[in-house]
Amino acid sequence: NHTVGSGFVLLGFSDHSSLQSLCFTVFLVIYLMVLTGNSLIALITVVDSSLHSPMHFFLRNLSFLEICYTSVTLPKMLVGFLMEDGRISFLGCAAQLYFLVLLGSIECLLLAAMAYDRYIAICDPLHYTLIMSRGLCIRLVVGSWMVVVPVQVGQTYQVFTLPFCESRGLHHFFCDVPPLLELACADTFWNQVMLYTIILVFAILPFSLIVISYIKIIGVILKIPSVLGRHKAFSTCSSHLGVVTLFYGSATVVYLKRRSRDSADTDKYLALFYTIVTPMFNPVIYSLRNKEVRSALKR
C-alpha cells in the first residue's frame, strides 16, 4: 500500500470545477499585481538615494521575498486551473515545500528585524544611525538565510523520506507539511515535533519579539505630549504592523490549530492570506502609508 516517487495530486479548488476559468483570471491578475508592485518597491529603494535607510533596506528584501514566495505556489496553481490537472511530481512537491517553508521562515525573521528597526528609531532616535548601521542590517538579513536554510533542508528530508500511502490527493493548493503528513503510512510523531519546534523558533519567537518591541514603542508614543507628534511616530510603524497582522493572523490559525478533514477547506482559504493576499497588499500598504515612498514613486 506504499508508493514512493510517484508524485501527488493537488486537489486545491477542484471542488469548484465550474469556476476554474474565473479562478485562473483572478489569480493571474493577483500574480501580476504581486510581481509589479513588489518589483517597483524593490526598484525605487535601490535607485532613489532618499530611500537608502535601514527601514527601506529591509523593505527591499521583504519585496524580494514576496516575489519569490508567490512564485513558489501561484504559477503551479495557474497551470492547474488552466489544464484542470493538479498533478505534481515527487521532486517538484519536495522543492515547493522546501522553498515555501524556507521563504516563510525568513519572512518571519525579517519582520522581527523590521520591528527592531522601528523600536530603535522611536525609542532611541539619537543612536539610531549608530546602532542600525548598514553592516548590522546586512548581517541580520544574511544571518536569517544562514540559520534557516539547513534547518529547512532537514525538515524537507524528514518529510519526504516517509512512506506515503496509495492515496496521493493533497487537500491543499500547494505542498505543505500538515497535508503531507496526513498521507504518510508511518508514525509521524517526530515530524510533528520538528514542525512545532520550527514554528516555535522561526515564527512564535520572532512574533514575541515584535510584540515586545511594539509594547515599548506604544509606551514611548503615549508619552509624546503633542497629538501631531504621536500621530507622526505611529505612522512610521503602521505599515509594518499591518503586514505583521495579515501574515501572522492567518498563518497562526492554520499551523497552530488542530487539523482535521472538516477544517481542510478552511485551512486552504486561510493559507491564501499569508501566501498570496499579504504579498499583494504589501506594496499598497507601504506606498500609501509611507510619504517617502509616495514621493519617490512620483519622481
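Residues numbered from 1 in each chain as written. Predicted model: local features only at pLDDT ≥ 70, side-chain atom pairs only at ≥ 80, totals over all residues. Heavy atoms only, no water.

In the annotation of an unreviewed UniProt entry, the entry for the protein chain reads Olfactory receptor, and the organism field reads Oceanodroma tethys. Word for word, the UniProt comment on the protein chain under Sequence similarities (unreviewed entry) is "Belongs to the G-protein coupled receptor 1 family." Entered under Subcellular location (unreviewed entry) in the UniProt record, the comment concerning the protein chain runs "Cell membrane". (UniProt positions renumbered as here; feature names shortened; annotations may be inferred.)

Before going further, it helps to spend a moment on the side chain of N61. For N61, the location among the structural elements is in helix α2 (residues 54–83). N61 sits in the buried class, given a relative accessible area of 19%. If we skip the residues at most four places from it in the chain, N61 touches L110 and V141. (Helix = DSSP H or I, 4+ residues; strand = E, 2+ residues; numbered from the N terminus. Buried < 20%, exposed > 50% of the residue type's maximum accessible area, 1.4 Å probe, protein only. Contact = heavy atoms within 4.5 Å.)

A word on the pattern of salt bridges. In the structure shown here, the tally under the stated rule is 2 salt bridges. Note that D48 is salt-bridged to R299, the shortest N-O span being 2.8 Å. Of this pair, D48 sits in the loop between α1 (20–47) and α2 while R299 sits in the segment after α10 (291–298), and the two are 251 residues apart along the sequence. Residue D48 is classed as buried on the basis of its relative accessible area of 12%. Relative accessible area serves as the criterion here: at 65%, R299 is assigned to the exposed category. (Salt bridge = Lys/Arg side-chain N within 4 Å of Asp/Glu carboxyl O.)

Below, the discussion takes up the state of the cysteines. Two cysteines whose sulfur atoms are joined by a covalent bond form what is called a disulfide. Following the criterion strictly, the structure yields 2 disulfides and no others. For C165, the disulfide goes to C185, at an S-S distance of 1.4 Å. Note that C165 is positioned in strand β4 (residues 164–165) and C185 in the loop between α6 (177–182) and α7 (189–222), a separation of 20 residues in sequence. Here C165 falls in the partly exposed class, since its relative accessible area comes to 21%. C185 gets classed as partly exposed once you look at its relative accessible area, which sits at 27%. Here the bonded cysteines of the protein chain are numbered in sequence order, and their pairing is 1-3, 2-4. (Disulfide = S-S within 2.5 Å.)

A few words now on the sheet that holds strand β5 (residues 169–170). Within a sheet, neighbouring strands are paired by backbone hydrogen bonds and run either parallel or antiparallel to one another. Pairing within the open sheet is mixed, and its 3 strands lie in the order β3-β2-β5. Where the open sheet ends on each side, the last strands, each with one partner, are β3 (87–88) and β5. Judged from the 2 bridges that link them, strand β2 (residues 8–10) and β5 form a sheet pairing that is parallel. Across the sheet, L10 pairs through a bridge with L170, a residue of β5. (Pairing = 2+ DSSP bridges.)

Taking the numbering used here, the UniProt-annotated feature "transmembrane region" (unreviewed entry) corresponds to residues 19–46, 58–83, 95–116, 136–153, 193–222, 234–256 and 268–288. Spanning residues 58–83, this segment combines 100% helix with 0% strand, and its end C-alpha atoms are found 38 Å apart. End C-alpha atoms of residues 234–256 are separated by 30 Å, and the span's content is 100% helix alongside 0% strand.

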